[in-house]
Amino acid sequence: MKKIFYEIPEGFKIGASSSAWQSEGWKGKKENQVSWADAFYKSAPSKWYEGYGPTIATDFYSRYKEDIKLMNSLNLQSYRTSIDWSRFIEDYDNVIVSEDALNYYNDMINELIANNVQPIICLEHWELPDYLIQKYGGWGSRKVVDLYLRYAEKAFQAFSDRVKIWFTFNEPGVVPNLGIAEAIWYPHKVNFKESVQWNYHKVLATALTVKLFKEKGYNKDGGKIGIIQNVAQVYPRSNSEEDIKAAHMAELFADKTYLDPCIKGEFPSLLFETLEKHNCLPNYTDEDLEIIRNNTVDILGVNFYGPNRAKAKATKWNDENPFNPSYYFDSWSMPGATMNHSRGWEIYAKAFYDIAINIKNNYRNIEWMIMENGMGVHDEYKHKDLKGQIQDDYRIDYISDHLRWLFKAIKDENANCTAYHMWNFTDNVSPMNAFRNRYGFVEIDLSNNRSRRVKKSGEWIKKVIDRGGFEYKSFEDELK
Ligand code: BGP
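We now turn to the structure provided with this report. Here the structure is a predicted model, which means the values were calculated and not measured.

A count of helices and strands for the chain gives 16 helices and 21 strands. For 480 residues, the compact-globule estimate of 2.2 N^0.38 gives 23 Å, and the chain sits close to it at 22 Å. Principal-axis analysis of the C-alpha atoms gives the chain an extent of 60 × 60 × 45 Å. Taking the intrachain contacts of the chain between residues at least 6 apart in sequence as the baseline, contacts between residues at least 24 apart amount to 76%.

In structure tokens, the structure reads:
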């Protein structure tokens, strides 16, 4: 097989991503400081794989200095994490900042900078204080939008002198969809209309935060603000009109709900027409729509693990079921697809190229960054060599394949993608899967006091950044 050298485009950065709740642990939090994720875990710890959850997570709160040194030793150029809203604020109604949390985040950010790792901060990676869910109904309430805005301003005041890239939300639709519409996640509701209100308020909160960020001058010295979307990248099963329409509807609910208003300033009219037809329109005002129109984001974060595929519905929707977007499409698994069996997700690296084309053609070629991509592997310890290091060649292959498609899009299509962040720096907990699937460049050994050990992929990425590229099979070879 012919291998060629793929050069990292000029100015393109490589880093890693995590979130506060999936790494920090509860140390330093007061009893009332409970996030959505914490409340989810507390509601049923036994449903989380082997009982692990956010309680200790990776213990990043105590070990960030060690971890950040390691990031530096692997040459990583940026690290995206979140501020845990439920930790940073200690009185949610009066928006009072916790001194302890302020000191912790200050130190952590300073440590990143001292180690040449650029801090990138997301304001909400599902760390909405549970108090605000109990008292106001979470993102269903306009009051929570106001409280979020005040929290965001406190965060900008504290850190924007050093943090230049901000995101309002990570994967904003996931908790509304899984927690409010489908009862799979906390708070286990089945109310699609309410989930629409959650999504709508997160779009509005993004626009209001962009407005505040600019009006108060937090964008000076190159400050940028955006949103991170788990881009669904939906492919139709076939070219038939029905399959294409099904894929289009899946994309409408998954991606366009956020990408259109946040980047283009407008909800798609088809979305509002469809929601109206099903009696699920959110409460909104013309004034809100004006704010959304005038305050679009500077930058888009893209999380992507694998594509979605859709086909026309095989059976008619039963109207006795509560409405859900799958009224319009069925999911489809493509026979012969390459799969990550641990996660049940398809691996399809060319999707990076297709995402780039979509952003270029439909979203004004806005600056974007890959904020999450990676491969979660179950029982990864089985891949250890005799010296005990995880030989994750599959992960090296996964990253190489994705990066070469991305680099091709940057080179051939002028894609405006400026960075790649691997999920995650270390292994970490995720909702219910806990530590089941391992994602990091660095192993967390749960049997040995959560000790850290760099995997083969960690050593590989260090060399990639050092040499300015990597070797991988050529496209030509594949087309033969
Ligand atoms: C994304 C989330 C991350 C992370 C990742 C991997 O949706 O933004 O928080 O958890 O998915 O998913 P999982 O850990 O469930 O395999």
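So, on to helix α12 (residues 286-294). Taken together, the buried positions of α12 are occupied by Asp288, Leu289, Ile291 and Ile292. The arc that holds every buried residue of α12, seen down its axis, measures 155 degrees, which confines them to one face. Relative to its buried face, α12 has exposed residues pointing more than 90 degrees away, namely Asp286, Glu287 and Asn294. The secondary structure elements touched by the buried residues of α12 are α7 (142-159), α9 (192-215) and α10 (241-264).

Within a sheet, each strand pairs with its neighbour through backbone hydrogen bonds, oriented either parallel or antiparallel. Spatial strand order, β2-β3-β6-β7-β8-β10-β15-β17: eight strands in a closed barrel with parallel pairing. Neighbour to neighbour, the strand axes of the sheet diverge by 30 degrees on average, direction disregarded. Bridge count for strand β15 (residues 367-372) against strand β17 (residues 417-423) is three bridges, and the pairing is parallel. Residue pairing in the sheet places Ile370 in a bridge with Tyr420 of β17.

The step from Tyr186 to Pro187 runs through a cis peptide bond, and the omega angle for that step is 0 degrees. For Pro187, the location among the structural elements is in the loop between α8 (174-181) and α9. Looking along the chain, the bond that leaves Trp423 and enters Asn424 is cis, with omega of 15 degrees. Tracing the backbone through its elements, the reader meets Asn424 in the loop between β17 and β18 (437-438). Positioned with a positive phi, Asn116 is a non-glycine residue whose angle comes to about 60 degrees. By the element assignment, Asn116 lies in the loop between α5 (99-114) and β6 (118-122). Residue Asn116 is classed as exposed on the basis of its relative accessible area, which comes to 63%. The phi dihedral of Ala434 falls on the positive side, at around 45 degrees, and the residue is not glycine. For Ala434, the location among the structural elements is in the loop between β17 and β18.

In the vicinity of the ligand, 14 residues are found, and the nearest of them are Gln22, Glu171, Arg343, Ser430 and Tyr439. Between His125 and the ligand, the recorded distance is 2.8 Å, taken from a side-chain N or O atom to an oxygen atom. Contact between the ligand and Tyr439: an oxygen atom at 2.4 Å from a side-chain N or O atom of the residue. Coverage of the ligand by the protein amounts to 92% of the 380 Å² it exposes when considered alone. Class assignment of the residues belonging to the shell around the ligand gives a composition of five nonpolar, six polar and three charged.

Before going further, it helps to examine the nonpolar core. The biggest cluster of nonpolar side chains holds 155 residues, and the ones touching the most others in it are Phe88, Phe159, Trp166 and Leu406. Here this core takes twelve residues from α9, the largest share from any one element. Excluding residues within four positions of it along the chain, Phe88 makes contact with Ile83, Ile96, Val97, Ser98, Ala101, Leu102, Tyr105, Tyr151, Lys154, Ala155, Ala158 and Phe159. Counting nine residues, the second-largest nonpolar core is a separate cluster that includes Ile228, Ile299, Met369 and Met371.

Moving on: the pattern of salt bridges. All told, the structure shown has 36 salt bridges when counted by the stated rule. For Glu380, the salt bridge goes to Arg395, with nearest N and O atoms at 2.8 Å. In this pair, Glu380 is assigned in the loop between β16 (377-378) and α14 (393-413) and Arg395 in helix α14, connecting sequence segments 15 residues apart. Classification of Glu380 by relative accessible area gives buried; the value is 1%. Among the residues examined, Arg395 registers a relative accessible area of 0% and is labelled buried. One connected set of salt bridges, linked through shared partners, spans Glu380, Asp392, Arg395, Asp427, Arg438 and Lys455.

Moving on, we come to the sheet that holds strand β12 (residues 330-331). Taken in spatial order, the three strands make up an open sheet running β9-β11-β12, and their pairing is mixed. Looking at which strands have only one partner, the edges of the open sheet turn out to be β9 (234-236) and β12. In this sheet, β12 lies alongside strand β11 (residues 308-311) in antiparallel orientation, the contact comprising two bridges. Along β12, the bridge assignment pairs Lys311 with Asp330. Here α10 sits on the sheet and contacts β9 and β11; the angle it forms with β9, its principal contact strand, is near 170 degrees.

Cut-off values and rules
- Residues numbered from 1 in each chain as written.
- Predicted model: local features only at pLDDT ≥ 70, side-chain atom pairs only at ≥ 80, totals over all residues.
- Heavy atoms only, no water.
- Helix = DSSP H or I, 4+ residues; strand = E, 2+ residues; numbered from the N terminus.
- Rg over C-alpha atoms; globule rule 2.2 N^0.38 Å.
- Contact = heavy atoms within 4.5 Å.
- Buried < 20%, exposed > 50% of the residue type's maximum accessible area, 1.4 Å probe, protein only.
- Arc of directions from axis to C-beta.
- Pairing = 2+ DSSP bridges.
- Axes fitted to C-alpha atoms, helices over the stretch in contact; angles between N-to-C directions.
- Near = heavy atom within 4 Å.
- Polar contact = N/O pair within 3.5 Å; in protein donor to acceptor, adjacent residues only side chain to side chain.
- Areas by Shrake-Rupley, 256 points an atom, 1.4 Å probe, with all protein chains shown as cover.
- Nonpolar A, V, L, I, M, F, W, Y, C, P; charged D, E, K, R; others polar.
- Core = buried A, V, L, I, M, F, W, Y, C linked by side-chain atoms within 4.5 Å.
- Salt bridge = Lys/Arg side-chain N within 4 Å of Asp/Glu carboxyl O.

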